[in-house]
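A closer look at the structure
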Amino acid sequence: MKKTYFNWSSGKDSALALYKIQQDSTYNLDLLVTTINKDFNRVSMHGIRNELLFKQADSIGINLKTIEFPADVTMDSYSEIMKEAMNSLLEKGYSHTVFGDIFLEDLKAYRDSKLKEVNITGIYPLWKNDTKEVLQEFLGLGFKAITVCVNAKLLGAEFLGRVIDEQFIKDLPDNVDVCGENGEFHTFVFDGPIFKNPIDFSVGEKVLRSYTLHDNDGDNCHQSKKENSNHDTSFWYCDLS
């Protein structure tokens, strides 16, 4: 069996990918790895409080390793921190790692290029699956998730704090992928077949946060100031506790 760690985001695609990889006896998966914002003690991008992340890991029953980043991280520092973390995992015998990506070719190419540098192989259980089918399978298996972050350019605050269900899918604009694969929205999974117990939480306030890109595009993590767009710089967040 191949010693494997899982890149856990706390969201729905991660949950389904983890479920699928657990059905494959090829991989000995015994570690979840999550990047967190150390300045705010929250999961990167999703904005989930660390304590809820820890509750997820405890209910899943797999050890969790966190990788800390400052709130204002450049591409160079991101790559350096990640490479150090991956080298540490390689030294512990990990040869494979799993992602919940579905169709973003440039992101997968970036991940694979960085993994190649440390001789770790990336596994993508959901890769190239139809996103409508992915979400239907997620719901059919009994998973439950709530939206915690939405791209303010594409979705309003009314899409925050909503449980993912058939009505949510119907309400999405035509230009939004049903799995939010382009970063349109992020979720927190609180129940499903990978959990021993549902995760208890309460829904708090909704906050709009905007981010300023660096003048040097090389410092921006997977974003470009030259595009003159707030597509990836303004987000609504729903606080869970």
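All values reported here derive from a predicted model rather than from experimental measurement. (Residues numbered from 1 in each chain as written. Predicted model: local features only at pLDDT ≥ 70, side-chain atom pairs only at ≥ 80, totals over all residues. Heavy atoms only, no water.)

**Details of the overall build of the protein**
The test is simple: The numbering of helices and of strands both runs from the N terminus, where a helix is a DSSP run of H or I of at least 4 residues and a strand a run of E of at least 2. Atoms counted for the radius of gyration: C-alpha only. Globule rule: 2.2 Å times the number of residues to the power 0.38. Buried residues are those whose accessible area, probed at 1.4 Å on protein chains only, stays under 20% of the maximum for their type, while exposed residues exceed 50% and partly exposed ones sit between those limits. Contact between two residues is taken to exist if any of their heavy atoms lie within 4.5 Å; hydrogens are not considered. In short, Shrake-Rupley with a 1.4 Å probe defines the accessible areas, and a residue's cover is counted only from the protein chains shown. Charge counting follows a simple rule: Lys and Arg are positive, Asp and Glu are negative, and His as well as the terminal groups are ignored. For this purpose, a charge sits on NZ of Lys, CZ of Arg, CG of Asp or CD of Glu.
Along the protein, the regular secondary structure elements total six helices and 10 strands. For the protein, the C-alpha radius of gyration of 17 Å lies close to 18 Å, the compact-globule estimate for 241 residues. A principal-axis box enclosing the C-alpha atoms of the protein has dimensions of 45 × 45 × 30 Å. In the protein, which comprises 241 residues, the proportion classed as buried is 47%. Pairs at least 24 residues apart make up 74% of the contacts formed inside the protein by residues separated by at least 6 positions. Surface accessibility of the protein: about 11,700 Å² in total, with carbon and sulfur atoms responsible for 45%. One finds the centroid of the 26 positive side-chain charges in the protein at a distance of 2 Å from the centroid of its 37 negative side-chain charges.

**A short note on the sheet that holds strand β7 (residues 144-151)**
Sheets are built from strands paired through backbone hydrogen bonds, the pairs being either parallel or antiparallel. Under the convention used in this document: A pair of strands counts as paired when DSSP detects no fewer than two bridges linking them. Axis definition: a line fitted to C-alpha atoms, over the contacting stretch in the case of helices. Angles run 0 to 180 degrees between N-to-C directions.
The antiparallel open sheet is built from four strands, whose spatial order is β8-β7-β10-β9. If you trace the sheet from one side to the other, it starts and ends with β8 (185-191) and β9 (203-210), each paired once. Strand-to-strand twist across the sheet, computed as the mean angle between neighbouring axes with direction ignored, equals 25°. Alignment of β7 against strand β10 (residues 234-240), held across three bridges, turns out to be antiparallel. Following the sheet pairing, V150 is matched in β10 by W236.

**So, helix α2 (residues 50-60)**
Looking at α2, one finds that the buried residues are N50, L52, L53, Q56, A57, S59 and I60. Buried residues along α2 sit against α1 (12-22), β2 (27-37), β3 (42-43), β4 (63-69), β8 and β10. G61 sits one or two positions beyond α2 and adopts a positive phi of about 85°.

**Notes on the nonpolar core**
We apply this condition: As used in this record, nonpolar core signifies buried Ala, Val, Leu, Ile, Met, Phe, Trp, Tyr and Cys residues forming a set joined through side-chain atoms within 4.5 Å.
Residues F6, W8, L18 and F188 are the most contacted members of the largest nonpolar core, which totals 49 residues. Within the residue set of this core, elements represented by two or more residues are α1, β2, α2, α5 (131-140), β7, α6 (166-171), β8 and β10. No other element matches the five residues that α1 contributes to this core. Ignoring anything within four residues of it in the chain, the contact list for L18 reads F6, W8, L29, L32, I60, I62 and I194. By size, the runner-up hydrophobic cluster in this structure holds 19 residues, among which are L31, I67, M75 and L115.

**Quick look at the confidence of the model for the protein**
The cut-off we apply is this: Confidence scores here are pLDDT values: one per residue, from the predictor, ranging 0 to 100.
With 92% of its residues at a pLDDT of 70 or more, the protein has an overall mean of 92. Here residues 219-231 is a poorly scored stretch, pLDDT under 50, and it has 33 contacts once near neighbours within four places are set aside; other chains count.

**A closer look at the pattern of salt bridges**
The cut-off we apply is this: By definition, a salt bridge exists where a carboxyl oxygen of Asp or Glu is found within 4 Å of a side-chain nitrogen of Lys or Arg.
The tally for this structure, following the rule as stated, stands at 11 salt bridges. Residues D13 and K12 are paired through a salt bridge, measuring 3.0 Å at the closest nitrogen-oxygen approach. The class for D13 is buried, based on a relative accessible area of 14%. On the accessibility criterion, K12 (4% relative accessible area) is buried. In this structure, K114 and E117 form a salt bridge, with 3.8 Å as the shortest nitrogen-oxygen distance. Taken together, the residues K114 and E117, both in helix α4 (residues 105-117) and three residues apart, mark about one turn of the helix. Salt bridges sharing common partners tie together R42, R49 and D239.

**A closer look at the packing of aromatic side chains**
To describe a pair of aromatic rings, one takes the distance between the centres and the angle between the planes. Filter applied, for reference: Within 6.5 Å between ring centres, the rings of Phe, Tyr and Trp (the latter by its six-membered ring) count as paired, and their orientation is classed by plane angle as stacked under 30 degrees, edge-to-face over 60, tilted in between. To sit over a ring, a charge needs its Lys NZ or Arg CZ within 6 Å of the ring centre and within 35 degrees of the ring normal.
By the definition in use, this model includes 12 aromatic pairs. Ring centres of F235 and Y237 lie 6.3 Å apart, and the angle between their planes is 50°; this geometry places the pair in the tilted category. A single burial state applies to F235 and to Y237, both of which are buried. Among the aromatic residues, those joined into a ring-pair cluster are Y19, F138 and F143. Stacked on the ring of Y94, the Lys or Arg K3 has its end atom at 4.4 Å from the ring centre. One residue, K108, lies across the ring of W127, its end atom 5.5 Å from the ring centre.

**A word on the side chain of H96**
Where we set the bar: In protein, a polar contact means a hydrogen-donor-capable atom and an acceptor-capable atom, both N or O and within 3.5 Å, with residues adjacent in sequence counting only if both atoms are side-chain atoms; elsewhere, any N or O pair within 3.5 Å suffices.
Residue position: H96 is located in strand β5 (residues 96-98). Within the local environment of H96, its side chain forms a polar contact with the side chain of S95, the two groups lying 2.8 Å apart. Among residues more than four places away in sequence, those in contact with H96 are K2, K3, T4, Y5, Y27, I120, T121 and I123.

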